[in-house]
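Observations on chain architecture
Here's the letter readout for the chains.
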Amino acid sequence: MNAIEINNLVKIYKTGTRAVKGVNLTVAKGDFFALLGANGAGKTTIISILIGLVNKTSGSVKIFNYDIDRQFDQAKRIMGVVPQEFNFHMFEKVQDIVATQAGFYGIDRVTALTNSEEVLKKVGLWEKRSSIARTLSGGLKRRLMIARALVHKPEILILDEPTAGVDVQLRFGMWDYLRELNAGGVTILLTTHYLEEVQQMCRHAAILKEGEIVRLDSVKNLNKLIQQETYVITVRNMQPLDGIQSYAPVVIDEHTLEVNLNRDEQLNDLLIKLIQNGFAVTDVHPKEHRLERLFLSLL
Amino acid sequence: MNSQWIAFQTLVRKEVARILRIWTQTLLPPLVTQTLYFIIFGKFIGSQVGPIHGISYMSFLVPGLVMMAVINSAYSNVVSSFFGAKFQRNIEEMLVAPMHEWVIVAGYICTGIMRGIVVGILVFLVSCFFTHPAIDHIGIVIMFIILTAAVFSLAGLINGIFAKNFDEVAMFQNFILVPLIYLGGIFYSILKLPVFWQNVSKLNPLLYMVNGFRFGFFGFCDVSVIFSAGLLIFLTLVLWQVNIWLLKNGIGIKN
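Everything numeric in this text was worked out from a predicted model, so none of it was measured.

The subject of this paragraph is the environment of A:Y66. Residues and elements named next belong to chain A. Among the secondary structure elements, Y66 is positioned in strand β5 (residues 66-67). For Y66, a relative accessible area of 30% corresponds to the partly exposed category. In this structure the C-alpha to C-alpha distance between Y66 and K76, which are ten residues apart in sequence, comes to 9.4 Å. Apart from residues no more than four positions distant in its own chain, Y66 is found in contact with V61, Q71, Q74, A75 and I78.

Okay, structure coming up:
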């Protein structure tokens, strides 16, 4: 069964802006799916239609076979939503916010309190349960958003740029938590600007441009589309470049080289060549993420 | 238990907690304002005014001032809470959940009525320091206070749905509600006005609310009680339907 089925989805705002132009998209149950695109590509509009914050102009959307035109209640019941911006009541207590959300999903008060305790412990916010939301740091507010989205135990979690403005440590922690949720069977759909995030976590991705999907594939296949990759090579001592001129290396400083490798060239061959020419290699890493390059080439 | 009923209870709990959390903004100000009205209009000016329909001016003022507090409280409770939820975007908590439109409307209206009634009771208790108000028909009093609070809660919700900024929240209250309240027969009997102004006054729906409520206290008023009750029921039903339609179509809250 598919978790999400979108057919010929169109959204035209009252201003005349065609934000989504006939998008077709399927997300399998249990998938970890990314929607990528520049600002204004239509990612947030698509997500907003899925969760009921924006009315579509035409097309159909099914969530676990529930048509949102006829069975939106059932569809909403199995979706958890983490919006881009903090949208909880800033003067309410942390646990009240989470338990209230459970109540809005029709979960009785006793279960709502139990569930909220469970998710707040999971995201490391239980100690702050009586704090006023406004007093939390940005990272903790982000965790609160995730806890609130999970309190009714959804089968699909939809996240709109969940790690925007989050520090590296917290981002990694959130990645681990999202992976754990996905491993537990929760289908995850996210939008993000961090392509590294997609490479690290997602199995499939769609790249949106001006309201249309320009590429939809597995992240693995998307990576393969890259024809050339630039590697940054750190060496202990710079040596003459004569023996590696065929790679057209660029010297950045006395310890750093940049080399472009085509898809048919092996990194191993380059390293052997470097060692044969007296370079002591201490580090090699890609200059940019593969998806980043693909993303830029498509947009 | 029905999930919509649980969602309704949750919304009411959240709204009641808000009213209590900011009680210095929600419960205290009407007490202070109405006390000043009792002192200035009732004591100082009222002492120069003769009885109306055989009732002292201070006693005559009581139902009007109670109703004035109920109207303001019910209206401002819903408009400020709903617009606040829109402004902070926590209204999305309800929109993404499987809550029916009638649950959202009923939740806000219920808390608007509750705040209106609590404030009304407090103002009535304050009036006991100035006069000895008697209630002839408690049923009529309860019916009018609930229906009036419901009408103004529903009107406040419409204002909250359409408002795009704080100016638009205040505009209706300042330029429409306040004049209607002051011209609604709170401080005078319209029978003391020339016929032309009596007829103009009858176009003001607040006149019927205040007078119907006053009938509950004294057993008489300037207009028909049955017509007043009918008008309130009619307004409640129409405004309820308007709110449901607005929310169903996402007007002012979606897109």
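Turning our eyes to something else, we now look at the packing of aromatic side chains. Any pair of aromatic rings gets described here by the distance separating the centres and the angle formed by the planes. Inspection of every chain in the model, using the stated rule, returns 21 aromatic pairs over all chains. Measuring from centroid to centroid gives 5.9 Å for A:F86 and A:F88, while their planes differ by 40 degrees, and the two rings are tilted. For A:F86, a relative accessible area of 28% puts it in the partly exposed group. Residue class for A:F88 comes out buried when judged on its relative accessible area of 1%. Following the ring pairs from residue to residue traces out a cluster consisting of B:F124, B:F213, B:F217, B:F218 and B:F220. The side chain of A:K76 reaches across the aromatic face of A:F72, ending 4.8 Å from its centre. Just above the ring of B:F60 sits the side chain of B:R214; from NZ or CZ to the centre is 3.7 Å.

Taken as a whole and assessed by the stated rule, the structure comprises two cavities of 30 Å³ or more. When its volume is computed, the largest cavity comes out at roughly 70 Å³. In terms of lining residues, the largest cavity is bounded by A:V81, A:P83, A:N87, A:Q101, A:Y105, A:R148, A:A149, A:H152, B:E92, B:E93 and B:V96. Counting residues per element, the ones that place at least two in the lining of the largest cavity are α5 (138-150) of chain A together with α5 (92-95) of chain B. Residue composition of the lining of the largest cavity, grouped by class: five nonpolar, three polar and three charged.

Turning to the interface of chain B and chain A, a few remarks are in order. Across the boundary between the two partners, chain B contributes 24 residues, which contact 31 residues of chain A. On inspection of chain B and its partner chain A, the count reaches three salt bridges. The closest approach of N and O atoms between B:E93 and A:R148, which form a salt bridge, is 2.7 Å. The interface formed by chain B and chain A includes eleven residue pairs in polar contact (both at pLDDT 80 or more). When residues of the side of chain B that touches chain A are traced back to their parent elements, those giving at least two are α1 (3-21) and α5 of chain B. For the side of chain B that touches chain A, a count of residues per class yields nine nonpolar, eight polar and seven charged.

Another point: the sheet that holds β5(A). Residues and elements named next belong to chain A. Across the sheet, which stays open at both edges, the four strands sit in the order β2-β1-β4-β5 with antiparallel pairing between neighbours. Both edges of this open sheet fall to β2 (18-28) and β5, since each of them pairs with a single strand only. By the bridge criterion, eight bridges tie strand β1 (residues 2-12) to β2 in an arrangement that is antiparallel. Looking at the pairing, I6 lines up with L25 of β2. Sheet contacts for helix α1 (residues 43-51): β1, β2 and β4 (58-63); angle to β1, the most-contacted strand, approximately 115 degrees.

All right, on to the packing of helix α3 (residues 28-45) of chain B against helix α6 (residues 101-127) of chain B then. All names here are of chain B. Across the interface, α3 lies against α6 with an axial gap of 10 Å and an inter-helix angle of 35 degrees. Of the two elements, α3 crosses α6, and the hand of that crossing is right-handed. From α3, P30, L31, Q34, T35 and F38 reach across to α6, where they touch V119, L122, V123, V126 and S127. Across the contact of α3 with α6, the residue classes break down as seven nonpolar, three polar and no charged.

A few words now on the environment of B:A85. Along the chain, the position of B:A85 falls in helix α4 (residues 57-87). Look past the residues within four positions of B:A85 in its chain and what remains in contact with it is B:N90, B:I91 and B:Y108.

What follows is about the domain arrangement of chain A. The assigned domain composition of chain A is domain 1 (2-223) and domain 2 (228-298). Relative placement of domain 1 of chain A and domain 2 of chain A: their C-alpha centres are 39 Å apart.

What counts and how
- Residue positions are counted from 1 within each chain, in the order its sequence is given.
- The order in which chains are written sets their letters, starting at A; the order in which ligands are written sets their numbers, starting at 1.
- Where totals are concerned, whole chains, interfaces and linings use all residues; where local detail is concerned, this predicted model gives features only for residues with pLDDT of at least 70, and gives and counts side-chain atom pairs only at 80 or more.
- The side-chain values count all of the structure's non-hydrogen atoms but skip hydrogen atoms and water molecules.
- Runs of E in the DSSP output that reach at least two residues are strands. Runs of H or I that reach at least four are helices, and both are numbered from the N terminus.
- Type-normalised accessible area, obtained with a 1.4 Å probe on protein chains alone, sets the label of each residue: buried when under 20%, exposed when over 50%, and partly exposed for intermediate values.
- Residues are treated as being in contact if the distance between any of their heavy atoms lies within 4.5 Å.
- Only rings of Phe, Tyr and Trp enter the pairing, Trp through its six-membered ring, and a pair is recorded when the two centres are within 6.5 Å. The plane angle decides the type: under 30 degrees is stacked, over 60 is edge-to-face, the rest tilted.
- Over a ring means this: the NZ of a Lys or the CZ of an Arg is within 6 Å of the ring centre and within 35 degrees of the ring normal.
- Detection works on a 1 Å grid of protein atoms alone, calling trapped sets that fit a 1.4 Å probe cavities and calling open sets with protein on both sides within 12 Å along at least five of seven lines pockets, with lining residues defined by an atom within 4 Å of a point.
- Grid points are joined across faces, edges and corners, and a volume is the space filled by probe spheres set on the points.
- When residues are sorted by character, Ala, Val, Leu, Ile, Met, Phe, Trp, Tyr, Cys and Pro go into the nonpolar class, Asp, Glu, Lys and Arg into the charged class, and all the rest, Gly among them, into the polar class.
- Here a salt bridge means any side-chain nitrogen of Lys or Arg lying within 4 Å of a carboxyl oxygen belonging to Asp or Glu.
- For this analysis, a polar contact is any N or O atom pair within 3.5 Å, provided that within protein one partner can donate a hydrogen and the other can accept it, and provided that sequence-adjacent residues contribute only side-chain to side-chain pairs.
- Strands pair, by our definition, only if DSSP identifies at least two bridges between them.
- Axis angles are defined between N-to-C directions and span 0 to 180 degrees, where every axis is a line fitted to C-alpha atoms and, for a helix, only to the segment in contact.
- Handedness of a crossing follows from how the near helix is turned relative to the far one, being left-handed for an anticlockwise turn of less than a right angle and right-handed for a clockwise one.
- In this entry, domain limits derive from an automatic or database-based domain assignment.

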